[in-house]
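What the coordinates show
So the chains spell out like this:
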Amino acid sequence: MSLRGSAAIIGAFDTAVGKIPDRSATALCVEAALGAVRDAGLTLSEIDGLVTCNSMAQPYMYHAEAIAEYLGMKPRYCATAAAGGGATFTVLYQAALAIDAGMCDTVVIAMADSLRTGLSREAAMIMQSSSGHPQYETPYGATVPGYYALIAQAYLHAYQARPEHFAAVAVSGRRHACQNPHAEMQKPISIEDVLASRLIADPLRLLDCSLVSDGGSAVVLTRADRARHAAHRPVYLLGAGEGRSHEHISQAASLVHSPARESGQRAFAMAGLAPADVDFAQVYDCFTPVVLIEMEDLGLCAEGEAGDFFLRGDGAPGGRLPINTHGGLLSHAHPGNPGSLFALTESVRQLRGGEGARQVPNARVGLVHAQGGILSSHCTVVLGTEEVL
Amino acid sequence: MTLAKPLPPVDAQSRHYWEACNEGRLVLQHCLSCGYVQHYHRVLCSHCAATDLVDLEASGAGSVKSFTVIRRAVSSAFDADVPYVVALIELAEGPVLMTNLVDSPLEDIAIGEAVELTFERRSEDINLPQFRLVGGTL
């Protein structure tokens, strides 16, 4: 059984991002869900599945059920993603399976959080660093940037790479963000700006780190036969794959390779496509070096060469393979668990076409990849238009 | 209010490991079935799933697998320590563990540098394994 082409995204919506103090995380989640349903040309009564992720600022024990109650929905299929990053695409994969298995016909996946204004800065940092092992890592006082800095340092050592290679990822993402009026960061930056920003956890500097934001995002996924009558061009799920190695970075077999290799191979195999077929990619960019490792493991760049790819501008607007066309977590927004969903809504917009200045010409195949934990849990999704079905 | 530094939440399976730390010993687990050595203590070998595991006392020698200098503390509990070093140490016996590199000049820290075991008394019950540079490359 293959899922290829069995489900399509017909609705996509992002709330405003950045500092949104006048709306709770719950309200942002509901706004995202309603926006995506409206974008699909549907009403809530036509939705029989709901997936959310928990919020750090406003958690519920049964989050998706709480959002369903708020909306007055009684979904047949209801699930809460336990975390963010790769888990966001894992629940997309599972929602497609649920549709294929007949558990439901049309699912809304809605995620939101208010990390910026809903939590104190210290509470947000402690909450995020709880990804460390409580007994064997957390007592040593590492921050999330600190965990990723261990990866960054190893990457510099393994490939004789330079901090400029990391900086080039941030510059590329910012160039995309400057073409996206909805992105938080609108001011162009240079390699020198990144290298002059303050050190957070050596070798990572402030501009190597993603944002801390409020915001929400949602998509509507439905059975392919229903998608043909949708308001917009359907965007088909062509392939999905997952890969895992460790959970805690001190248990990682490698600091410079990740299970993006397996998740990518599995997603491409289901899609019947190869890295060369991809017109754009949204690659999880919580910190700049992660993008380099994922690009290499996904087969989008040769080993040790992703830094030069970005230094040449190959991932920037108009480049050979545009990466993170909305600006990514580095320059668009990063509200925590929902962060990677914005990469999905952006991919839907790119594959529908008509995105103006930032439209990737003739985009037919897009890849979205995210990871969670500390380079631990990966999910890759290949999306395409009707022409590549 | 200043936060206290976090203490490991000791459980029934890890008590033994932390008791050894209290005596100034770092213990690993050695699998009698496949010979694998693992950190942290588990009820099975994470390589072959066998359950005949015995303690192996680490020599305390190892080398820096990776490291970072934390410039912005995770919480106010660590503010006074900034800048402090978080590192992954590859022990001579094979396993990797996370630690701080203490009493070590920042400019001398590099991947591959040799380190030795020390301890930090964090509470009456918790003696936290820490490492410091010994100079030279392992």
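First things first, this report covers the structure right here in the doc.

Conventions and cut-offs
- Residues numbered from 1 in each chain as written.
- Chains lettered and ligands numbered in written order.
- Predicted model: local features only at pLDDT ≥ 70, side-chain atom pairs only at ≥ 80, totals over all residues.
- Heavy atoms only, no water.
- Salt bridge = Lys/Arg side-chain N within 4 Å of Asp/Glu carboxyl O.
- Helix = DSSP H or I, 4+ residues; strand = E, 2+ residues; numbered from the N terminus.
- Buried < 20%, exposed > 50% of the residue type's maximum accessible area, 1.4 Å probe, protein only.
- Contact = heavy atoms within 4.5 Å.
- Buried area = accessible area lost by both parts, 1.4 Å probe.
- Polar contact = N/O pair within 3.5 Å; in protein donor to acceptor, adjacent residues only side chain to side chain.
- Nonpolar A, V, L, I, M, F, W, Y, C, P; charged D, E, K, R; others polar.

Further remarks concern the pattern of salt bridges. Under the counting rule described, the total for this entry stands at 26 salt bridges over all chains. Here aspartate 105 of chain A makes a salt bridge to arginine 226 of chain A, at a shortest N to O gap of 3.3 Å. Separated by 121 residues along the polypeptide, aspartate 105 of chain A in the loop between helix H3 (86–100) and strand S4 (106–114) and arginine 226 of chain A in helix H8 (residues 224–227) bring together distant segments of the chain. Where aspartate 81 of chain B meets lysine 5 of chain B, a salt bridge forms, and the shortest distance between an N and an O atom there is 2.5 Å. One end of the pair, aspartate 81 of chain B, is in the loop between strand S4 (61–70) and strand S5 (84–91); the other, lysine 5 of chain B, is in the segment before helix H1 (15–22), and 76 residues separate them in sequence. By relative accessible area, lysine 5 of chain B is classed as partly exposed at 27%. Look at the salt bridges and you will find they share partners, linking Asp48, Arg76, Asp105, Arg223, Asp225 and Arg226 of chain A into a network.

This next bit is on the interface of chain A and chain B. Across the contact, 34 residues belong to chain A and 40 residues belong to chain B. Sorting the residues of chain A by area buried against chain B places Gln135, Tyr136 and Tyr140 of chain A first, and these three jointly supply 26% of that buried surface. Summed over the shared surface of chain A and chain B, the number is one salt bridge. A salt bridge links aspartate 202 of chain A to arginine 71 of chain B; the nearest nitrogen and oxygen atoms lie 2.6 Å apart. There are 18 residue pairs in polar contact (both at pLDDT 80 or more) connecting chain A and chain B. When contributions to the side of chain A that touches chain B are tallied by element, the ones reaching two or more residues are helix H4 (121–129), helix H5 (144–159) and strand S5 (199–201) of chain A. Of the residues that constitute the side of chain A that touches chain B, the class distribution is 18 nonpolar, eleven polar and five charged.

Let us now look at unusual backbone geometry. Here the residue pair histidine 39 of chain B and tyrosine 40 of chain B is connected by a cis peptide bond, since its omega of 20° sits within 30 degrees of zero. Residue proline 83 of chain B follows valine 82 of chain B across a cis peptide bond; omega there is -5°. With respect to the secondary-structure elements, proline 83 of chain B resides in the loop between S4 and S5. The backbone of asparagine 362 of chain A shows a phi angle near 55°, a positive value even though the residue is not glycine. Residue placement: asparagine 362 of chain A occurs in the loop between helix H13 (341–352) and strand S10 (365–372). Residue classification places asparagine 362 of chain A among the exposed positions, given a relative accessible area of 70%.

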